[in-house]
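Chain and residue survey
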Amino acid sequence: MPFLEDDRHILKAIEYCDQVAARRQLMQFPKIAGRYKRWSGQAPNTIPRGLEKRLAVMKEGSYIEWPSKEQRKTRPIPESVVWIGPRGALWLAAQRGIYVEEPKKLNEYQQRKLKRDLKKQGFRWMRQPRFNELSHDLLMTDLRLKLERDLAEGAWIAETGEIVQQFVITEQVLDGDFRSEPDEVTYNLVGAKGKKLQKD
């Protein structure tokens, strides 16, 4: 599969959405929306046919994944979603200067090993979304995208000709980062018989 410029934008958009995105959310990224136009009369929550085809090619190349038939039957999936696949994780890690050998086969064992190797190098890859919290994760992504869009619209042009934003998000710690590096809290309790207990 030839890796295109569009694929790069799609992978970065999915990563920006904490590695899992509803397909409709991809159209909120200017480089994707500019490349794949909706036809007049198309419902706002659908994506263009060209983007559907490109996502299918990326799935075939293991750059992205989406729910299998079995997962659709057994998991609470509120809408059509995509997430980063093993080759997509390798490409994103390489963009940060992290190089891990690509597995010869992409079976379950090799993917788990790849996830461990990437984590050792400092790259967090979520092999599958947390299906039970998928509605929450998609809602948080919607909130984040809307907030950033609204902040950008609140910009104004100064006398010098520069674009000035009144509010800017300088740093955002995503939910996945909290899960991958949890805080450790140590505290002491006094038991019923006066013994001190230490909890982590």
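Look up: the structure comes first, before these words.
Below or above, wherever it landed, is the structure these notes cover. (Residues numbered from 1 in each chain as written. Predicted model: local features only at pLDDT ≥ 70, side-chain atom pairs only at ≥ 80, totals over all residues. Heavy atoms only, no water.)

Some words on helix H4 (residues 49–60)
Inclusion rule: Helix and strand assignments follow DSSP, with helices taken as H or I runs no shorter than four residues and strands as E runs no shorter than two, numbered in order from the N terminus. In this analysis, the expected span of each helix is defined as 1.5 Å times one less than the number of residues it contains. Working definition: with a 1.4 Å probe on protein chains only, accessible area under 20% of the residue-type maximum means buried, over 50% means exposed, and in between means partly exposed. The arc in question is the one spanned by the directions pointing from the helix axis to the C-beta atoms. Should any heavy atoms of two residues lie within 4.5 Å, those residues are considered in contact.
When the terminal C-alpha atoms of H4 are compared, their 17 Å separation across 12 residues agrees well with the 16 Å that a helix rising 1.5 Å per residue should span. Every buried residue of H4 is listed here: Leu51, Arg54, Leu55 and Met58. Along the axis of H4, the buried residues cluster in a sector spanning 100°; they form a single face. For H4, the exposed residues set more than 90 degrees away from the buried face come down to Arg49, Lys53 and Glu60. Summarising the contacts, the buried residues of H4 are in contact with helix H1 (5–16), helix H2 (23–26), helix H3 (30–35) and strand S2 (64–65). Looking one or two places after H4, you find Ser62, whose phi comes out positive at around 65°.

Comments concerning the nonpolar core
Threshold: Buried Ala, Val, Leu, Ile, Met, Phe, Trp, Tyr and Cys residues that are joined via side-chain atoms within 4.5 Å together make up what is termed a nonpolar core.
In this structure, Leu26, Ile32 and Leu51 are the most contacted members of the largest nonpolar core, which totals 32 residues. Where this core is concerned, the elements lending two or more residues are H1, H4, strand S3 (81–84), helix H6 (86–95) and helix H7 (108–121). No other element matches the five residues that H6 contributes to this core. When neighbours within four sequence positions are excluded, Leu26 is seen to be in contact with Ala13, Ile14, Ala21, Ile32, Leu51, Leu55 and Val82.

Structural notes on the sheet that holds S2
In a beta sheet, neighbouring strands pair by backbone hydrogen bonds and run either parallel or antiparallel. Heads up, the condition is: The rule for pairing is simple: two strands pair if DSSP sees at least two bridges between them.
Across the sheet, which stays open at both edges, the three strands sit in the order S1-S3-S2 with antiparallel pairing between neighbours. The open sheet is flanked by strand S1 (20–22) and S2, the only strands paired with a single partner. Bridging between S2 and S3 involves two bridges; their strand directions are antiparallel. In the sheet register, Ile64 faces S3, and the bridge partner there is Ile84.

Thoughts on helix H8 (residues 134–153)
Its 20 residues place the ends of H8 29 Å apart at the C-alpha level, agreeing with the 28 Å of an ideal helix rising 1.5 Å per residue. Among all positions in H8, only Leu134, Asp137, Leu138, Thr141, Arg144, Leu145 and Leu151 are buried. Angular distribution of buried residues about the axis of H8 spans 160°; they occupy a single face of the element. What points out from H8, more than 90 degrees from its buried face, is the exposed set Leu139, Leu143 and Glu153.

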